[in-house]
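Now for the letters of each chain:
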Amino acid sequence: MPDLQIERIYHQIETELSVFSNQLKKLEVPNYPIKRCQEIIEKLIEKVEAYKDKIKLILDQKDDNPDEAVRKLITQIHNPLVRQDVKFLDWLRGAQTQNVPWSFIPCIEHLAQAIIPRHELLTYCANDYNYGITWSQSASSAPYPYTVLSLPRLHRTNILWHTIIGHELFHPRCVDFIKEHNEEALTKIYTQCEKAFRSKENKGLSRKLKEEQLDRITETTHVAWCRAMVELLCDMACVELFGPAAILATRAFAACSPIEEMPSPENNFYPPRLFRFEVVWKYSMDKKKLVAIYTKCQKSEAIDCFKQEMESFAELVSSSEGAALLEKHPLAKIAYGEVNRFLYRANVFVKRTLPDTIERWHSPKVLGQIPKLLERLQKGVPPNELVVRINKSAGKEKYETQSAELSAILIAGWIYETYWQKKYDQDAEIMPYETISRLLLKACEDIQFNA
Amino acid sequence: MMSILTKQVILEELQRGKTGDGLIVSPLRIDQIGPSSVDVHLGHEFIVFRRALIASFDITDDKLSENVHLYQEKVRISEGDKFVLHPQQLVLGATREYIALPNNISVIITGRSTWGRTGLIIATATKIDPGFKGCVTLELMNGGVLPLVLYPGLRVAQLVLFRTEGRSTYKGSYKWPTGPTFPNLGKEIEYMNKNKHC
């Protein structure tokens, strides 16, 4: 019987490896915006060869212990192939040049090298209506040793939304914060849960059952705390990098979801959007620098629209309804009570962890660039650079430019977007949204060229 | 009378572009500006024709305009990678530079003679109207006998700028392109049909 089973499993695995190999070969075309994708394919092809060698070894020893051979074929070849390696086929297909915002990929790479320097990034567009990042520390699980960043496919060229990568790329950095504060938070959460649990009537439950229930409640509350902390840390990082662009991008992305949705197992304990907005507005947004944008830019309808949009956001978060909402649920109250205790530390951690090599939105350089880039965009020109000096004197001719910073491009883009949203129906001459995106993408391409 | 702009005048126009509605060529370095022209580079995008999926190129074919993606494909070549243009092959490329012309300056784009001598024909529709904004689509054709290897960033063409008599606004169908643009056949068909009924 094991012999027949070995044969069957061997043939199945052989087919799987052959199909996997063929798919990889089809993906080998030099059609990626970064060289790393080709390296991944090469490594996977090497892995297939290693699997084949391993199969040979297992089959050579099968007569000694057929059951063990079956187990090895399944656990060492079949499972990693179908559970982990196969994922790369979709990732690589989605990472091909025509499937990603290719002009923006070098900017993502640049940011990733600064924020998560030890991670090798693979950016792809997925069918999910979401941004996501996946990485693993363990060699036995995909996408080790890569970090996979996904963007929503239907919004491939919507670069304004891609401001959210500032949030995603910070995810791996949150591990350190959680590690540092986890025990303290867990102890407090346990104490709070115990207090709440004791105050309730739990008659009829044995001591053991009571303890088990308390553990479950503590665990759920802790998961909610953990998830909230991670998301808030990443939101703070995004705002620290891109300021109002981060806020407008997150708000635009969340426009189709309920912003008051409470954390639950169904939504992976995501904190309510409204609460997230309140936190970043309170802790991360430098309002004085925001006013500096209004005043530095020449008075225009675009600036008025942007100001209105930011004021409406300020009004949305002013009543702290998101925080109040969480107070109503006993476990959320405990989890978010702990979250609130860590927010100041979280903000300090984010500011300290983000490298100085990235020009942040509130730096004098970026604030100085925004008005000029906005002017270019209003003229229908990519906001890629600033003309610093022109000398026309014969023999001394000079034409000096300064490359635009990514955060300045995105903020100028968002300022124009707020104007576009208001004027689209009224102004027949206004650029289509796709054109705004293309001009911004072109700017991102050019800044890499200038660099 | 139309006159070709010299380096100093080009710089003056660029100065105007910095603050108002003057000339913009971007990205740009001083060494691209010659005595009476501006050198431009080949961009990253190309449009290649898929011959297998089209019987002939007939603009009276109703489906031609809407099925443009069936027989033309956009290809993106990364920095340092090559694009091989075979003898007699026509592809569309674009300048890396995005230009914005004021309404009294027109441009003629010409191939650089270095490339002309290898058989590379850079552009056939060479005139750009005042008021145009965008990357200029280049009709790249290998008229030589050997395949030519092209790289993004090659200095392939130059812009010769003229001041026009009077002012004009661009009303063409190619608005704000940032790469090579598929031909707008719909407009041609519309024009032909309109004149047929006259």
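Residues numbered from 1 in each chain as written. Chains lettered and ligands numbered in written order. Predicted model: local features only at pLDDT ≥ 70, side-chain atom pairs only at ≥ 80, totals over all residues.

With that settled, the discussion passes to the overall build of chain A. In terms of helices and strands, chain A carries 17 helices and five strands. For the C-alpha atoms alone, the extent of chain A along its principal axes is close to 90 × 70 × 40 Å. Every one of the 451 residues in chain A was classed for burial, and the buried ones make up 38%. Counted over contacts in chain A with a minimum sequence separation of 6, partners at least 24 positions apart contribute 78%. (Helix = DSSP H or I, 4+ residues; strand = E, 2+ residues; numbered from the N terminus. Buried ≥ 20, exposed ≤ 12 C-beta atoms within 10 Å, placed from the backbone. Contact = placed C-beta atoms within 7 Å.)

Residues and elements named next belong to chain A. Read across the sheet, three strands follow the order β1-β3-β2 without closing on themselves; strand pairing throughout is mixed. For this open sheet the edge positions go to β1 (120-126) and β2 (132-135), each flanked by a neighbour on one side alone. Averaged over all pairs of adjacent strands, the angle between their axes in this sheet comes to 20°, without regard to strand direction. Where β1 and strand β3 (residues 146-152) come together, seven bridges link them in parallel fashion. The residue of β3 that forms the bridge with Ala-126 is Pro-152. (Pairing = 2+ DSSP bridges. Axes fitted to C-alpha atoms, helices over the stretch in contact; angles between N-to-C directions.)

Quick look at the interface of chain A and chain B now. The interface is formed by 25 residues belonging to chain A together with 22 residues belonging to chain B. Put simply, the parts of the chain that give the side of chain A that touches chain B at least two residues each are β4 (385-391), β5 (398-403) and α17 (433-450) of chain A. Here the residues of the side of chain A that touches chain B sort into 12 nonpolar, five polar and eight charged. (Nonpolar A, V, L, I, M, F, W, Y, C, P; charged D, E, K, R; others polar.)

Take the confidence of the model for chain A next. Low-pLDDT stretches of the model should not have their predicted coordinates read in fine detail. Confidence along chain A averages 93 in pLDDT terms, with 98% of residues attaining 70 or more. No element of chain A has a lower mean pLDDT than helix α1 (residues 2-26) of chain A, at 91, and none a higher one than helix α6 (residues 165-168) of chain A, at 98. (pLDDT = per-residue confidence, 0-100.)

Residue and element names in this part refer to chain B. Here helix α1 (residues 7-19) contains 13 residues, and its C-alpha end-to-end distance of 19 Å stays within 8% of the 18 Å for a straight helix at 1.5 Å per residue. Listed as buried for α1 are Ile-10, Leu-11, Glu-13, Leu-14 and Gly-17. Looking down the long axis of α1, one finds its buried residues gathered within 160° of arc, a one-sided arrangement. (Expected span 1.5 Å × (residues − 1). Arc of directions from axis to C-beta.)

The topology assignment puts A:Asn391 in strand β4. A:Asn391 has contacts with A:Lys396, A:Glu397 and A:Lys398, leaving out every residue within four places of it along the chain.

Time to look at helix α12 (residues 301-318) of chain A. Residues and elements named next belong to chain A. Helix length check: α12, at 18 residues, gives a terminal C-alpha distance of 25 Å against a target of 26 Å (1.5 Å per residue), a fit within 8%. Residues Ala-302, Ile-303, Phe-306, Glu-309, Met-310 and Val-317 constitute the buried set of α12. Projection of α12 onto a plane perpendicular to its axis shows the buried side chains occupying an angular sector of 125°, all on one side. Opposite the buried face of α12, at more than 90 degrees from it, the exposed residues are Glu-301, Gln-308, Glu-311, Ser-312, Glu-315 and Ser-318. A positive phi of about 55° marks Ser-320, the residue just after α12.

All names here are of chain A. What the domain assignment reports for chain A is domain 1 (2-156), domain 2 (173-353) and domain 3 (364-450). Just the C-alpha atoms count here: the centres of domain 2 and domain 3 sit 34 Å apart. Between domain 2 and domain 3, the residue contacts involve 18 residues of the former and 14 residues of the latter. Of all the elements, α12 adds the most residues to the side of domain 2 that touches domain 3, at six residues. (Domains from an automatic or database assignment.)

Moving on, we come to the nonpolar core. Judged by nonpolar contacts, the single largest core of 117 residues is most densely connected at A:Leu233, A:Ile370, A:Ile409 and A:Ala412. The leading source of residues in this core is helix α8 (residues 207-242) of chain A, at 14 residues. Membership of the second largest hydrophobic core comes to 43 residues, among which are B:Phe83, B:Leu101, B:Ile122 and B:Leu159. (Core = buried A, V, L, I, M, F, W, Y, C linked by C-beta atoms within 7 Å.)

Once that is clear, we can look at the environment of A:Ile334. Residues and elements named next belong to chain A. Its place among the elements puts Ile-334 in helix α14 (residues 330-353). Residues Ile-334 and Cys-193, spaced 141 residues apart in sequence, show a C-alpha to C-alpha distance of 7.2 Å. In this view, Ile-334 contacts Ile-189, Gln-192, Cys-193, Ala-196 and Thr-221; residues no more than four positions away in its chain are not counted.

Moving on, we get to the packing of helix α7 (residues 171-199) of chain A against α14(A). Residue and element names in this part refer to chain A. As a packed pair, α7 and α14 sit with axes 10 Å apart at the nearest point and diverge in direction by 155°. For the element pair α7 / α14, the angle class is roughly antiparallel. Once α7 is placed against α14, the crossing between them reads as right-handed. Residues Arg-173, Phe-177, His-181, Ala-185, Lys-188, Ile-189, Gln-192, Cys-193 and Ala-196 of α7 lie in contact with α14, whose contacting residues are Pro-330, Ile-334, Ala-335, Gly-337, Glu-338, Phe-342, Ala-346, Phe-349 and Thr-353. The residue makeup of the contact of α7 with α14, split by class, is 11 nonpolar, four polar and three charged. (Parallel < 35°, antiparallel > 145°, perpendicular 65-115°, else oblique. Left-handed = near helix turned anticlockwise from the far one by under 90°.)

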